Protein chains: 2
Amino acid sequence: MKSKDKVTIYDISKKLNISAATVSRALNNNPKISEKTRELVVKTAREMNYKQNRLAQALKQGRTNNVGVIVPYINRSFFSSVIRGIEEELTPHGYHIIIGQSHEEVEIEAEQLNALLNTQIDGIFMSVSKTTQKTDHIKKVLEEQTPLVFFDRKIDIPSVSSVVLDDYKAGYIATEHLIKEGCSRIAHLSGDINLEIYRNRFEGYKKALKDYEIDFNPEYVIQVNSKIESGMQAIDDLWKLEEKPDAIFSAGDYAALGAMQELRARKIKIPQEVCVVGFSNEPFTKYMELPITSMDQTPLMMGKIAAQVFLEQVKETNAYTVEKKVVLPPELIIRDSSNRKLLKLSDVS
Amino acid sequence: MKSKDKVTIYDISKKLNISAATVSRALNNNPKISEKTRELVVKTAREMNYKQNRLAQALKQGRTNNVGVIVPYINRSFFSSVIRGIEEELTPHGYHIIIGQSHEEVEIEAEQLNALLNTQIDGIFMSVSKTTQKTDHIKKVLEEQTPLVFFDRKIDIPSVSSVVLDDYKAGYIATEHLIKEGCSRIAHLSGDINLEIYRNRFEGYKKALKDYEIDFNPEYVIQVNSKIESGMQAIDDLWKLEEKPDAIFSAGDYAALGAMQELRARKIKIPQEVCVVGFSNEPFTKYMELPITSMDQTPLMMGKIAAQVFLEQVKETNAYTVEKKVVLPPELIIRDSSNRKLLKLSDVS
């Protein structure tokens, strides 16, 4: 692609015998240019197959109307639903949403952030990766005065707004639900506690045990990732214990699914012998023949509110004095995998 | 964000008493500038909190190393897997992938395309929306001389490369599989036949019926969308017929799932009374207690090959004479929902 072949405003100005500045103004709808001249220039430009350099235009206007969203993965219903919420809120305002994935790697996250900043983006929405400890790449966004809003997974940086779930409460109510179903040996499949969200779910779990006077047993806590296999492995490990759990509270739906598959393979009845609760309300939890109880994180709402926070921020004349911390309530969706009350008495072992 | 507050290269040149051109060259690592001057300029720029305009830089370099991908939805495993394939192939070449969704609307698709073009993208990968009939917005990409590769869902535009599945063959082998399982009243839940992929699956289905001397019955063809509910509705409609089907070949997994749920609700045994085959090999098809037979579209491979086609294209000096049409073979993953051979004879009705 040789740029020397491209028609420039100088070619148009030569053809029409007017100044290049006039051509430029006409193409950019400058009101100083008469309608007649504008029409002539646009017509000639089209005939000569002239293409305005879009980046040059964006430079002139100082904004692109693009906002970027960076998520660990796009293929989790939670993240794609948050993005949908952002889109629904910002599209009517003329914004376009472009998306990048970090694949849970801080280096990729930094590169994606850089790639989006390179496109002169008007704002960034971000859910940090599991490996994001340092924040240099994120601070760069602020240095460039690009509005930034965290959602779900945040890092504490002064003056940056965030919209998150009350994960502590979520951990508490999931555990409390299992206790009320009659469970007392409740295992927790925890996410990576480098992430605040997983730490909070774990703390909520411990607090519920404490409130109901159940001893916390560290052997019942297994760290998993978001893969099905890690849930299967967790059951493998837990069933080597003398005192086997009678409930599983998983910090993620995929690990919960793996746990259920492994429990079924061992002919353990769900929920009669072991109740299972997942987290995220991924669509498959509903579609299973034995639907899985899970925590809804209201992702659409989270996206919409994050978008509203962004819109408020760009409206402010001095954007960086505003800092909003929105915490959304979780909602436990109780399904068959933990609902013993649905069963007839004779079914319960 | 007032730009008047920003430090410019003129401020730096004034402070150092050198020309703005020298400052600019120093900041852009121009070899004409001595190392000493470069260091002084960089140091001063940093002290004055100067930020280089990234767009201006991209303009100068003529490339951003960003490529854009436009898909109907990010939350379908097929599309997110293709994107993963593109990433795996292009990341080692220094490219960053940014993603936009059309939500199956041609207007949104056009706007997303425009948004990506506005970021001076180095290439576009695209799977068109269901409503994409006109191609003006796509031709604009070619006019701007941006490399374009279609994947899965393409539109025939001369000189544009594409990587697609052999959907005709896929429709054929899915139907043939059902015939070999002993089915003869095979219903087809078709996608929107405005899309070539769904037309081809439908044609493959008809050809298999013909080859096995089974009459084609138009009453057995129901158009569905990619929602579970439309699969349930399809069963509702089909079961009003005098001669009920003994097999369902769905052009999508979500409709297949809905069909199975509705069949189960009607106490119809799968696969004994009705065999079910879906399409896409979405992860949930594997996780069900009754796993669903489905067509694997080798999305990771599709993404990798699309990326390779792009890389070849940008390497060419005269890129637009190259046109590759890659057609990938589908793979039927046979699971319990259509596998009667797995059952004992006594189970088969």
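Thresholds, definitions, all that
- Residues numbered from 1 in each chain as written.
- Chains lettered and ligands numbered in written order.
- Predicted model: local features only at pLDDT ≥ 70, side-chain atom pairs only at ≥ 80, totals over all residues.
- Heavy atoms only, no water.
- pLDDT = per-residue confidence, 0-100.
- Buried < 20%, exposed > 50% of the residue type's maximum accessible area, 1.4 Å probe, protein only.
- Helix = DSSP H or I, 4+ residues; strand = E, 2+ residues; numbered from the N terminus.
- Pairing = 2+ DSSP bridges.
- Axes fitted to C-alpha atoms, helices over the stretch in contact; angles between N-to-C directions.
- Left-handed = near helix turned anticlockwise from the far one by under 90°.
- Contact = heavy atoms within 4.5 Å.
- Nonpolar A, V, L, I, M, F, W, Y, C, P; charged D, E, K, R; others polar.

Caption draft 1: Local environment of the confidence of the model for chain A. Predicted confidence across chain A gives a mean pLDDT of 87, with 90% of residues reaching 70 or more. Both confidence scores are given for the complex: pTM 0.79, ipTM 0.76.

Caption draft 2: Up close: the pairing of strand S2 (residues 96-101) of chain A. Residue and element names in this part refer to chain A. Across the six residues of S2, six count as buried, placing the element largely inside the fold. Of the two faces of S2, the one carrying His-96, Ile-98 and Gly-100 and the one carrying Ile-97, Ile-99 and Gln-101 are both buried. Here strand S1 (residues 66-71) pairs with S2 via six bridges, running parallel. Directly across from Val-67, in S2, lies its bridge partner Ile-97.

Caption draft 3: Region of interest: the packing of helix H1 (residues 9-16) of chain B against helix H3 (residues 35-47) of chain B. Residues and elements named next belong to chain B. Relative orientation of the contacting elements H1 and H3 amounts to 115°, with a least axis distance of 10 Å. As for how H1 packs across H3, the hand of that crossing is right-handed. Residue-level inspection shows Ile-12, Lys-15 and Leu-16 of H1 in contact with H3, the latter providing Leu-40, Val-41, Thr-44 and Ala-45. Across the contact of H1 with H3, the residue classes break down as five nonpolar, one polar and one charged.

Caption draft 4: Looking closely at the sheet that holds strand S8 (residues 247-250) of chain A. All names here are of chain A. The strand order across the open sheet built from four strands is S7-S6-S8-S9, with neighbouring strands paired in parallel fashion. A single partner strand is all that each edge strand has here, and the edge strands are strand S7 (221-223) and strand S9 (275-277). Across the sheet, the mean angle from the axis of one strand to that of its neighbour is 15°, orientation sign disregarded. In terms of strand pairing, strand S6 (residues 186-190) meets S8 through four bridges, oriented parallel. Pairing of Leu-189 across the sheet is with Ser-250, part of S8. Along the sheet face, helix H8 (residues 167-180) touches S6, S8 and S9 and points at about 165° away from the line of S8. Contacts between helix H9 (residues 196-211) and the sheet are confined to S6, S7 and S8, with S6 contributing the most and set at about 170° to the helix.

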